[in-house]
Amino acid sequence: ITSSTVTPKVSGEVDVESKAADTLIIGKTARLVGSDLLLVDGRADEGVWITGGALTEALKLTVSAFNQYTVDFVTPSGATLADLPAGDYTLELRTRAGRDVKMQLYTVKHNVTVKAS
């Protein structure tokens, strides 16, 4: 099932504290900005992951707040540069075209640079 009126889009990402665009700082809150960012809390297949770079598999990030236009997230508690070395990565926002679990799952990608705090 899809919704013709809902198309998740990411227009940017920013470190909340430093305001650095397209930057994820280990242990700091970052924010994806866009539209139709319709996450449902607690669904294992929805949220924000980081892929590429030095990672051999996707790392799920911890979502702390979200609404239709923004998703705030941080690296998992205890994650360090050893787990996520500095460099270029891809954020993947996985969300549905609506709140119903039967709706189509979208993966929206955005390039970021990971830095130490």
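See the structure shown above.
Everything quoted here is computed from the prediction, not taken from an experiment.

**A look at the pattern of salt bridges**
For step 1, the next point in the chain: One pass over the structure, following the stated rule, counts seven salt bridges.
For step 2, the next point in the chain: Linking Arg96 and Asp45 is a salt bridge whose minimum nitrogen-to-oxygen distance equals 2.7 Å. Note that Arg96 is positioned in strand S8 (residues 87-96) and Asp45 in the loop between strand S3 (30-35) and strand S4 (47-51), a separation of 51 residues in sequence.
For step 3, the next point in the chain: On the accessibility criterion, Asp45 (30% relative accessible area) is partly exposed.
For step 4, the next point in the chain: Through salt bridges with shared partners, a single ionic network connects Arg43, Asp45, Glu46 and Arg96.

**As for unusual backbone geometry**
For step 1, the next point in the chain: Even without being glycine, Lys19 reaches a positive phi, approximately 70°.
For step 2, the next point in the chain: Here Lys19 lies in the loop between strand S1 (9-15) and strand S2 (23-25).
For step 3, the next point in the chain: Accessibility expressed as a relative area gives 60% for Lys19, which makes it exposed.
For step 4, the next point in the chain: Residues other than glycine seldom take positive phi values, yet Asp36 does so here, at roughly 55°.
For step 5, the next point in the chain: Inspection of the secondary structure assignment puts Asp36 in the loop between S3 and S4.

**A short note on the side chain of Asp72**
For step 1, the next point in the chain: Tracing the backbone through its elements, the reader meets Asp72 in strand S7 (residues 70-74).
For step 2, the next point in the chain: If we skip the residues at most four places from it in the chain, Asp72 touches Thr29, Ala30, Arg31, Thr62, Val63, Ser64 and Ala65.

**Re the environment of Pro8**
For step 1, the next point in the chain: Checked against the element boundaries, Pro8 lands in the segment before S1.
For step 2, the next point in the chain: Using a relative accessible area of 6% as the deciding quantity, one classes Pro8 as buried.
For step 3, the next point in the chain: A C-alpha to C-alpha distance of 22 Å links Pro8 and Thr113, two positions 105 residues apart in sequence.
For step 4, the next point in the chain: Residues contacting Pro8, with those up to four places away along its chain left out, are Ser35, Asp36, Thr95, Arg96, Tyr106 and Val108.

**Side note on the environment of Asp83**
For step 1, the next point in the chain: By the element assignment, Asp83 lies in the loop between S7 and S8.
For step 2, the next point in the chain: Separated by 57 residues in sequence, Asp83 and Ile26 have C-alpha atoms that sit 9.9 Å apart.
For step 3, the next point in the chain: One polar contact links the side chain of Asp83 to the main-chain amide nitrogen of Thr80, over a distance of 2.9 Å.

**Some details on the sheet that holds S3**
For step 1, the next point in the chain: Here we have four strands laid out as an open sheet, ordered S1-S3-S7-S6, and antiparallel in their pairing. The outermost strands of the open sheet, each flanked by one partner alone, are S1 and strand S6 (62-66). Taking the axes of each pair of neighbouring strands and ignoring which way they run, one obtains an average angle of 25° across the sheet.
For step 2, the next point in the chain: Taken together, the four bridges between S6 and S7 define a ladder with antiparallel strand orientation. Looking across to S7, one finds that Val63 is bridged to Phe73.

Rules used throughout
- Residues numbered from 1 in each chain as written.
- Predicted model: local features only at pLDDT ≥ 70, side-chain atom pairs only at ≥ 80, totals over all residues.
- Heavy atoms only, no water.
- Salt bridge = Lys/Arg side-chain N within 4 Å of Asp/Glu carboxyl O.
- Helix = DSSP H or I, 4+ residues; strand = E, 2+ residues; numbered from the N terminus.
- Buried < 20%, exposed > 50% of the residue type's maximum accessible area, 1.4 Å probe, protein only.
- Contact = heavy atoms within 4.5 Å.
- Polar contact = N/O pair within 3.5 Å; in protein donor to acceptor, adjacent residues only side chain to side chain.
- Pairing = 2+ DSSP bridges.
- Axes fitted to C-alpha atoms, helices over the stretch in contact; angles between N-to-C directions.

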